[in-house]
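Observations on the three-dimensional arrangement
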Amino acid sequence: MSQDNGAHGAAGATNTTQKNETTAAANVASTDASLEGRAKSRNPKNGGKPKWWLWSLIAVIAVVALVVGVNTYFTNRQNGTDGGATVSGGQADTVSIGLKLAPVNLDIRRQSGSALEQILIGNVYESLVSRGSDNKVHPGLAKSWEVSKDGLTYTFHLNGKMNFSNGDTLDAEDVAWSINELKAKKYYNYDQVRNLDKAEAVDSQTVRLTLTAPDSNMLWYLTGRPGLVYDKDATWDEKTGALGSGPYTVESFDPSDKIVFKANPKYWGDEHKAKTGNVIVRFLPDDNAGINALKSGDVQVLSPITATLAGPFRKNPDYVVKSGDGSDKFVLAFNMTDAKLSDKRVRQTIRYATDHEQIIASRGGVDAELGGPIPSVDPGYEDLTGVYPHDEAEARQLMKEAGYSESKPLQLTLTYANVYGTELGDQLKSQLKPIGIDLKIDYVEFSTWLQDVHTNGDYELSLVDHAESHDFYKWATPDYYYHYDNKEVQALYAKALAATTDEEASKYLAEAAKIVSEDAPADWLFSWRVTIAYAKGVEGFPQNLSQTVLPLWQVTYTPSK
Amino acid sequence: MRFVVKRLLLFAAALFGVSVLVFAALRILPGDVAVVMAGTNATASRVAALRAEFGLDRPYVVQYLDWAGGLLHGDLGMSALTGRPVATQVGTRAAVTFPLIILGLVIALAIGLPLGCAAVITRSPRLRGFFHVLAIAGGAVPALWSGLLLLLLFGRGIGVLGVLPSQGFPTDGWSAPGRAFASLILPALATGIVAAAGIMRYTRAALEDIAADGGPVDMAMACGMTRTQALLGVGLRLAAPQLVSVAGLTFASMITGVMVVENLFALPGLGALLVGDVGNRDLVAVQSELFLLAAFFLTLGLAVDLAHRALDPRLADDKEDR
C-alpha cells in the first residue's frame, strides 16, 4: 500500500509544483488541468484496474471464439468430404487401420521384424504359396504344386497372365530369379530354406525347386519372405517403396506416421482383388493415442488394443472387440551356460513358482497359458501346461534341495526390453521372492537387449516376445541365445524336418517340445492372444494371426447411417 | 563489431565441441544398427555382413572424420535404416515441430505477458496473491496433463466440446493448411499454457525490479504519465532485453518439451524421430539430428545476444569502454 500512496503522492506533487509556477503560460496551465483531470479519472481504486482486466478478458474470449469458429468450420468441411467419399453401396472407399508397431523401412529383403511381413506380404508382395489366417499353406502365385516321393523336388504350376503393379509380366523366370537371389545375397531368412539347392524355370508357367535334403517346413517357409517374388527387371528404392504383384501399391510411407495403400489397378487376379480403394495404416505406438484415435474415428480398426483398456469398447454397441490366437510366445529364457541356472532344480523352481494365471489376469485375462515352445497355431502343439503346474510347495522344496531359502536367497538378474512394460518384471519379482529368489530387474532398451542378450548371450534370465511361427529350430540350435543343447531334441527335430507327411512331422515336433518343456530351459509365460477392436461396419479384418498375416484386400468399412 | 566476431568464433568452437561430444557419447550405447536390422532370427555372420555394409567395422576416428567431413559440406548423411537423407527427415519433422513451437510460444506470450503486466499494475493485494498462485500453479502443471485435459475438453470424438482434431497430422501435411493448423491447436495450447506461466513470472519479476528500482518509472510519472502508462511504456521497454532472453530460453526448452506432447497427440515431429532413431541405433542419423539441434540452440543464443545489444544500446557502450 505504501508504494501505491507514494506513486499517487508523486503525481500530486507534480501538479502542486507546476501550480506554484504562477508565471506559467496558459497552455501549460491547461496541460495541468487535463493532467489533473486524468489523474482523477484514473483513480487506481476504481476505474484503472478493471479496464486492464476487461481488455485481457475480451482478447481471450475473442481468440477462443475465433479458434472454435475456424475449427468448427474445418471440422464440418472435413466431415462433409468424408461423407462424400463413399461409393454407391454406402461402403467407404478409405479404411484407416491403427497398428502399434511400425516397420522402420520397407526393405523386406534385409530388415527384420514381423511388422514388415504383416503389412507387405499378401498386400504388396506376393509369395509362391500364401499363408492363410489358419496358418496353413494355400495357393498363391502358384495355383498348384507337386512334391516328389523323396521330398527333394517341388514342382509349382503358376497362375497364367500375372503381372507386377508396374505392368511387367510375372512368370517362372521372376520366381526362379527371386529365390536364387535370396540364396546368393543371403537376404533375410535365407537360412530358413537352407535345404533348398536351386530354383529353375521349366517353362514360363512352371518352376522346379531342388532340395539337398527333405524339409517338411519348406512349403510353409515359402509363404513368407523366402517365397516372395520380385520383378527382376525393375529397380526401386526398397527402403521407402515397394514394388510387387499384390492387390495394393504403396502410395506413401512414413515410419513415424503411416503407410498409405492404393488398390493396384493392374492387379492380375480376381480372388484377392482389393475391395477398398484406399487403406491407410497408422502407426500408434502409444496405447492411449491408439484408443483416442479409435474413439474419435481417426481409425476404424485398432490392432492390437491393450486388453485392459478394451473394456469401454466391449460395452459400446458401436464397436466389436475380438481376441484371436497367434504365434506370439512370451519366453522367460534361462541361460543354460550360467552356473546358477545349469542346476535343473533352480530352473524347475522358477517354473513351479510362476503363477501364469495371475499374470494373464493382470493383462486383461485374454491370453492363453502355454507350457511349451510350440504355440497352438503351429504343428506339433500339445497342451503342456500340466508339466509344471503352479505349485509353491514343490518350488520351495526344490529350492531347499538346491541350498537356497527366503533368508538365503538366490540372486538372479532378469534382462528385458522396456517395450513390454514394467509390470511383468515386477510380478515375476514378487512371485519368486517367497520361494527364495531375489530377482533383480534390468529394464533395457530393445536394441540393448538385442546386443547383450541375443547377440552376446550375456544374461541370466531374459524375457522377450518371440512372435515367429514355426520357430522350434531355435531349441535345436545350441548357439542361439538360449544355449539349449540337447542331442535328443536335435535328432527329433531332424526327423521332423525329414518327414514327408505333416502328421509324421507334427508327431516328432510334439515329442521334442515335450522334452524341451520338461528340461525347463525357459518358462513360457503365456501365448499372447491379440485383441482387436473395430467400429461396427468393418468387415473382413482377420481375427487370428493378424500380427503376421493381414490380408487387406478383404477389409471393407460401411459407416452406419 | 569485435563483440560480434568474438561471439561468432565462440559459436564455431562450440559447434566443434558438440560434434565430438555427440559422436563419443553415442558410441557408449550398447548395440548398433546392424544388430537391430538383423533382428531376433539373425546369425552372427549376417550381423557381421550388415556391419560391414554400413561401415561400422571401421575405427571410430575414421567414422568421425567421415561424418564431420560431410557436415562441413552441409551433408548430414543418410539414415542407415530408412535410406533417406537425414536432412530430408529432419525437414519433414521440423515442418510439424517448429510451427507447433512457434504457435505455442505465441500462445505463451499472449497469455503470459498481459498477465505478468497485470500482476504488477494491480494494487489490490488479493489480486496480486491470485496472480502469484496462478503463476505457480500454471508452472506446476505438466504439459502431458494439460494436454489430456484439453483432449477431454475439445478433442473430436472424445471431448465434451469435440471440435478439434485430437490425433495426428493430416495426410497431405501443409498442403491442407487449415487442417494442419487445426491439428496443432490443442498441442500448442498444452505447451503454451505451461510456458505462459513461466513467461508471466519472468515478466512480473522484471517489471517489478524496474518499478522498485525507482528511477525510470518514477521519472516517467514525474513527467506526467500515470503509473500504468509508465510501467507499460517505460518499464516494459526496459524489461525487453530480459524478456527476449526468457522468450529465447522458453523457445529452446520447448524443442525438447514438446516431445511428450507430440507423443500424446501422435504428431510426427522431431521428438518422435529422435526417440525412434536412438532406439534403432541409427547413429549417423541421431548424431546429425542432435548436432542440428545443438546448432539451433547455439544460434538462438547468438540471436538473443545480438538482440540484446540492439534493444539496449547501453550494453554496447559498456563493453567497448572496457
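Residues numbered from 1 in each chain as written. Chains lettered and ligands numbered in written order. Predicted model: local features only at pLDDT ≥ 70, side-chain atom pairs only at ≥ 80, totals over all residues.

1. A look at the interface of chain B and chain A
We count it as follows: We call two residues in contact whenever the C-beta atoms placed from their backbones are within 7 Å. The numbering of helices and of strands both runs from the N terminus, where a helix is a DSSP run of H or I of at least 4 residues and a strand a run of E of at least 2. Note that Gly is not counted as nonpolar here; it falls among the polar residues with everything else outside the nonpolar set of Ala, Val, Leu, Ile, Met, Phe, Trp, Tyr, Cys and Pro and the charged set of Asp, Glu, Lys and Arg.
Contacts between chain B and chain A engage 56 residues on the former and 58 residues on the latter. Within the residue set of the side of chain B that touches chain A, elements represented by two or more residues are α2 (33–38), α3 (44–53), α5 (86–121), α8 (177–213), α9 (215–222), α10 (227–264) and α11 (270–279) of chain B. Of the residues that constitute the side of chain B that touches chain A, the class distribution is 26 nonpolar, 22 polar and 8 charged.

2. Side note on the domain arrangement of chain B
All names here are of chain B. The following threshold applies: The split of the chain into domains comes from an automatic or database domain assignment.
By domain assignment, chain B separates into domain 1 (1–81 + 282–322) and domain 2 (90–279). For domain 1 and domain 2, the distance between their C-alpha centres works out to 29 Å. On the domain 2 side, the residues contacting the 13 residues of domain 1 number 13 residues. Residues that form the side of domain 1 that touches domain 2 fall into these classes: 9 nonpolar, 1 polar and 3 charged.

3. Looking at the sheet that holds strand β9 (residues 206–211) of chain A
All names here are of chain A. Threshold: The rule for pairing is simple: two strands pair if DSSP sees at least two bridges between them. Note on geometry: axes are lines fitted to C-alpha atoms, helical ones only across the stretch in contact, with angles between N-to-C directions running from 0 to 180 degrees.
Read across the open sheet, the 4 strands follow the order β4-β5-β9-β8; overall the sheet is antiparallel. Because the sheet does not close on itself, it has two edges, and the strands there are β4 (142–147) and β8 (196–203). Direction aside, the axes of adjacent strands within the sheet are offset by 20 degrees on average. In the sheet, β8 pairs with β9 via 6 bridges, with the strands oriented antiparallel. Across the sheet, Ala201 pairs through a bridge with Val207, a residue of β9. Here helix α5 (residues 172–185) sits on the sheet in contact with β5 (153–158), β8 and β9, set at roughly 165 degrees to β8.

4. As for the packing of α8 of chain B against α10 of chain B
All names here are of chain B. Spelled out, the test is: Any angle from 65 to 115 degrees is called roughly perpendicular, while one under 35 is roughly parallel, one over 145 is roughly antiparallel, and all others are oblique. Each crossing is labelled by how the near helix is turned from the far one, with a counterclockwise turn of less than a right angle marking it left-handed and a clockwise turn marking it right-handed.
As a packed pair, α8 and α10 sit with axes 8 Å apart at the nearest point and diverge in direction by 150 degrees. One element, α8, and the other, α10, form an angle in the roughly antiparallel class. Handedness of the crossing formed by α8 with α10: right-handed. Among the residues forming the contact of α8 with α10, the class breakdown is 18 nonpolar, 7 polar and 1 charged.

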